[in-house]
Amino acid sequence: MTLFVPYDGSDLARTALVRATEFSTVLDERVVAAAVIPEGNREYARERDWIGPTDPFDLDAAVEALHTQVVSLAPQADFEHATVDRFAPPGTVAGTLRDLAYDVDAAIVFIGSENAGDIVSTLGSVGAAVAAEDTYDVHIVRNRAPSKIETVASASPHRRERSDFYFPGPAGGE
């Protein structure tokens with residue numbers, strides 16, 4: 001069984017990742033956090049703090065920022081990312097997330113979204129489209145308050161580092 005978390009670094013995505021980690025502790029199952037990055041969309045990356053406010057778009061920097069966040073919250077989680085076209089509509093992002101969930105054989109998807117619970121509306125979130133898939137169960141995280149992210153992250157029994165994470169190194173080295 002794989003616990004899958006669409007991850008963009010938002011508060012609710014962070015909470016969803018913590019929830020998945022809590023479940024993995026009980027179920028002894030793998031957690032995969034996955035990000036979909038619109039290639040070259042500087043504004044999108046800046047709005048989500050994947051790059052600095054004056055930085056040009058840099059895919060490696062965006063991946064590293066997201067990956068670092070995931071590792072800080074759930075060191076044992078695996079991290080995946082995919083890219084889509086610069087101005088990909090939410091349906092493309094949701095479809096890519098569904099494909100990633102399918103590829104890792106997700107049994108439960110933890111979606112952090114304020115409106116994913118309103119399945120009739122996809123405005124502002126890809127959560128409802130990802131939740132519509134029937135090959136996995138869905139845990140919708142709509143409230144940031146129940147988990148204290150820092151407390152749970154520091155108390156996690158999965159705090160040891162992993163060596164197989166992807167961190168882009170300096171050009172031509174390490």
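Refer to the structure presented above.
Heads up: these notes are all about the structure in this document. (Residues numbered from 1 in each chain as written. Predicted model: local features only at pLDDT ≥ 70, side-chain atom pairs only at ≥ 80, totals over all residues. Heavy atoms only, no water.)

## Points about the overall build of the protein chain
A count of helical and extended segments in the protein chain gives six helices and five strands. Of the regular secondary structure in the protein chain, the N- to C-terminal order runs β-α-β-α-α-β-α-β-α-β-α. Counting all 174 residues of the protein chain, 45% fall into the buried class. (Helix = DSSP H or I, 4+ residues; strand = E, 2+ residues; numbered from the N terminus. Buried < 20%, exposed > 50% of the residue type's maximum accessible area, 1.4 Å probe, protein only.)

## What to know about the environment of Leu3
When you line up the elements, Leu3 lands in strand S1 (residues 2-6). Taking C-alpha positions, Leu3 is 6.1 Å from Arg30, a pair spaced 27 residues apart along the chain. Leaving out residues up to four positions away in the same chain, Leu3 has contacts with Ala20, Phe23, Ser24, Glu29, Arg30, Val31, Val32, Ile108 and Phe110. (Contact = heavy atoms within 4.5 Å.)

## Observations concerning the side chain of Asn41
With respect to the helices and strands, Asn41 occurs in the loop between strand S2 (30-38) and helix H2 (42-47). Among the polar contacts made by the side chain of Asn41, one reaches the main-chain amide nitrogen of Tyr44 at a distance of 3.0 Å. Looking at Asn41, its side chain comes within polar contact range of the main-chain oxygen of Arg86, at 2.8 Å. Among all residues touching Asn41, those that are not within four sequence positions of it are Phe57, Arg86 and Phe87. (Polar contact = N/O pair within 3.5 Å; in protein donor to acceptor, adjacent residues only side chain to side chain.)

## Considering the sheet that holds S1
Spatially, five strands are ordered S3-S2-S1-S4-S5 in an open sheet, and the strand pairing comes out parallel. A strand with exactly one partner marks an edge of an open sheet, and here the two such strands are strand S3 (78-84) and strand S5 (137-141). Along the sheet, successive strands turn relative to each other by an average axial angle of 25°, direction set aside. Here seven bridges tie S2 to S3, and the two strands are oriented parallel to one another. Bridging across to S3, Ala34 finds its partner in Glu80. Across the sheet, helix H4 (residues 90-103) touches S1, S2, S3 and strand S4 (106-112), and the angle it forms with S2 is around 150°. (Pairing = 2+ DSSP bridges. Axes fitted to C-alpha atoms, helices over the stretch in contact; angles between N-to-C directions.)

## Quick notes on the pattern of salt bridges
What the rule picks out here adds up to three salt bridges. One salt bridge connects Asp78 with Arg30, and the closest N-O pair in it is separated by 2.7 Å. Here Asp78 is found in strand S3, whereas its partner Arg30 is found in strand S2, with 48 residues between them in sequence. Given a relative accessible area of 15%, Asp78 falls into the buried group. A relative accessible area of 35% places Arg30 in the partly exposed class. (Salt bridge = Lys/Arg side-chain N within 4 Å of Asp/Glu carboxyl O.)

## Some points on a nonpolar patch on the surface
On the surface, Met1, Phe23, Val26 and Leu27 cluster together to form a nonpolar patch covering roughly 370 Å² of accessible area. Along the chain, Phe23 turns up in helix H1 (residues 11-27). Residue class for Phe23 comes out partly exposed when judged on its relative accessible area of 30%. (Patch = residues over 30% accessible without salt bridge, like charges linked within 9 Å, V, L, I, M, F, W, Y side chains within 5 Å. Areas by Shrake-Rupley, 256 points an atom, 1.4 Å probe, with all protein chains shown as cover.)

## A short note on unusual backbone geometry
In this structure, Asp28 takes a positive phi of about 55° despite not being glycine. Here Asp28 is to be found in the loop between H1 and S2. The exposed category is assigned to Asp28, whose relative accessible area is 66%. Although it is not a glycine, Asp49 adopts a positive phi angle of roughly 60°. Look at Asp49 and you get exposed, because its relative accessible area is 59%.

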